[in-house]
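# A structural walkthrough
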2 protein chains.
Amino acid sequence: MTYNDQGLLPAVVQDRTTGAVLMLAWMDEEALRRTIETRKATYWSRSRRQYWVKGETSGHTQRVHEVRRDCDSDTILLVVDQTGPACHTGEPTCFDVHPPLLSEEDHGPVST
Amino acid sequence: MTYNDQGLLPAVVQDRTTGAVLMLAWMDEEALRRTIETRKATYWSRSRRQYWVKGETSGHTQRVHEVRRDCDSDTILLVVDQTGPACHTGEPTCFDVHPPLLSEEDHGPVST
């Protein structure tokens, strides 16, 4: 794997059942190792500077079904079974919190 | 939006039709502005240090259906209509190139 200058790489988290993109979090080598070993999604919190097992306090765990890396080996994709909402706000995904910056309705039906 | 210390944020790219996570790329404020204005996915290439309209040379374009941001406003999700393979290797997605780091088969059926 190729880590950035802070020793981290982005992990995209996808719901196995719905295909929804749930969130993006950061991993260092140890977080990735723990995730693979335990199948519990484990991230590095950049703000708290500590490891973070998703759902450890909220109960909204992510059981890791599959771990993939991208062509450049600098991004991880986790396919997970999500328990409860993925976002700390209570929304199902972290991308459900704000209205879209752009949506199809902005321009009406597309002529092809 | 909240950009990192290099003025960038990660953009997760998802296929509108299949739901597949296609790739992760980087955007600065101007790349995001161009993407929203043109509906052509436009990134910042960290290696080449220039803007990059996806598919401009390969023809494997991404028409942007929707742009969302996450709860922290430091990650973008693009929902796109992908023409051709998303990965420069010719694979459908950048996560199809390497075998998984972990898959369900590694541990056999899960007992619940």
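Residues numbered from 1 in each chain as written. Chains lettered and ligands numbered in written order. Predicted model: local features only at pLDDT ≥ 70, side-chain atom pairs only at ≥ 80, totals over all residues. Heavy atoms only, no water.

As a further point, take the pairing of strand 1 (residues 9-15) of chain B. Residues and elements named next belong to chain B. Most of strand 1 sits out of view: seven of its seven residues are buried. What you see with strand 1 is no split at all: Leu9, Ala11, Val13 and Asp15 on one side and Pro10, Val12 and Gln14 on the other are buried throughout. Bridge count between strand 1 and strand 2 (residues 21-27): six bridges; the pairing is antiparallel. Its bridge partner being in strand 2, Ala11 is matched across the sheet by Ala25. Linking two consecutive strands that pair antiparallel, namely strand 1 and strand 2, is a turn of five residues; a positive phi of about 80 degrees is found at Gly19 within it. Here five bridges tie strand 1 to strand 6 (residues 76-82), and the two strands are oriented parallel to one another. When the bridges of strand 6 are listed, Gln14 appears paired with Val79. (Buried < 20%, exposed > 50% of the residue type's maximum accessible area, 1.4 Å probe, protein only. Helix = DSSP H or I, 4+ residues; strand = E, 2+ residues; numbered from the N terminus. Pairing = 2+ DSSP bridges.)

Take the pairing of strand 5 (residues 62-69) of chain A next. All names here are of chain A. Strand 5 sits mainly inside the fold: six of its eight residues count as buried. The pairing of strand 5 with strand 6 (residues 76-82) spans seven bridges and is classified as antiparallel. Bridge pairing in strand 6 places Arg69 opposite Ile76. What sits between strand 5 and strand 6 in their antiparallel hairpin is a turn of six residues, with Ser73 showing a positive phi close to 55 degrees.

Moving on, we come to the relation of the copies chain B and chain A. Turning chain B through 180 degrees and shifting it by 0.0 Å along the axis lays it on chain A, with an RMSD of 0.0 Å. Classification of the inter-copy transformation places it as that of a two-fold axis. Minimal C-alpha separation from the rotation axis in chain B is found for Gly19(B), amounting to 2.9 Å. Both copies contact each other with a shared surface, as 100% of the interface residues of chain B are interface residues in chain A too. (Least-squares fit on C-alpha atoms with pLDDT ≥ 70 in both. Contact = heavy atoms within 4.5 Å.)

Bringing the packing of aromatic side chains into the picture now. Geometrically, a pair of aromatic rings is defined through the distance of the ring centres and the angle of the planes. Residue and element names in this part refer to chain A. For the coordinates displayed, the defined rule picks out five aromatic pairs over all chains. A ring pair is formed by Tyr43 and Trp52, whose centres lie 5.0 Å apart and whose planes are at 45 degrees; its orientation type is tilted. Judged by its relative accessible area of 26%, Trp52 is partly exposed. A cation sits over an aromatic face here: Arg34 above Tyr51, 4.2 Å from the ring centre. (Phe/Tyr/Trp six-rings, centres within 6.5 Å; stacked < 30°, edge-to-face > 60°. Lys NZ or Arg CZ within 6 Å of the ring centre and 35° of its normal.)

What follows covers the sheet that holds strand 1 of chain B. Residues and elements named next belong to chain B. Read from one edge to the other, the open sheet built from four strands follows the order 2-1-6-5, with strand pairing classed as mixed. Where the open sheet ends on each side, the last strands, each with one partner, are strand 2 and strand 5 (62-69). Strand after strand, the sheet turns through a mean of 25 degrees between neighbouring axes, direction not considered. (Axes fitted to C-alpha atoms, helices over the stretch in contact; angles between N-to-C directions.)

Our next topic: the pattern of salt bridges. Overall, the coordinates contain 18 salt bridges over all chains when judged by the stated rule. Between Glu104(B) and Arg39(A) there is a salt bridge, with the nearest N and O atoms lying 4.0 Å from each other. Remark: Arg39(A) occurs in the loop between helix 1 (29-38) and strand 3 (42-45) and Glu104(B) occurs in the segment after strand 6; the pair is interchain, linking two chains. For the pair Glu104(B) and Arg39(A), a shared accessibility class is recorded, and that class is buried. The closest approach of N and O atoms between Arg46(A) and Asp74(B), which form a salt bridge, is 3.6 Å. On the criterion of chain membership, the pair formed by Arg46(A) in the loop between strand 3 and strand 4 (50-53) and Asp74(B) in the loop between strand 5 and strand 6 is interchain, its members lying in two chains. Via salt bridges that share partners, Arg16(A), Arg39(A), Arg63(A), Asp81(A) and Glu104(B) belong to a single interconnected network. (Salt bridge = Lys/Arg side-chain N within 4 Å of Asp/Glu carboxyl O.)

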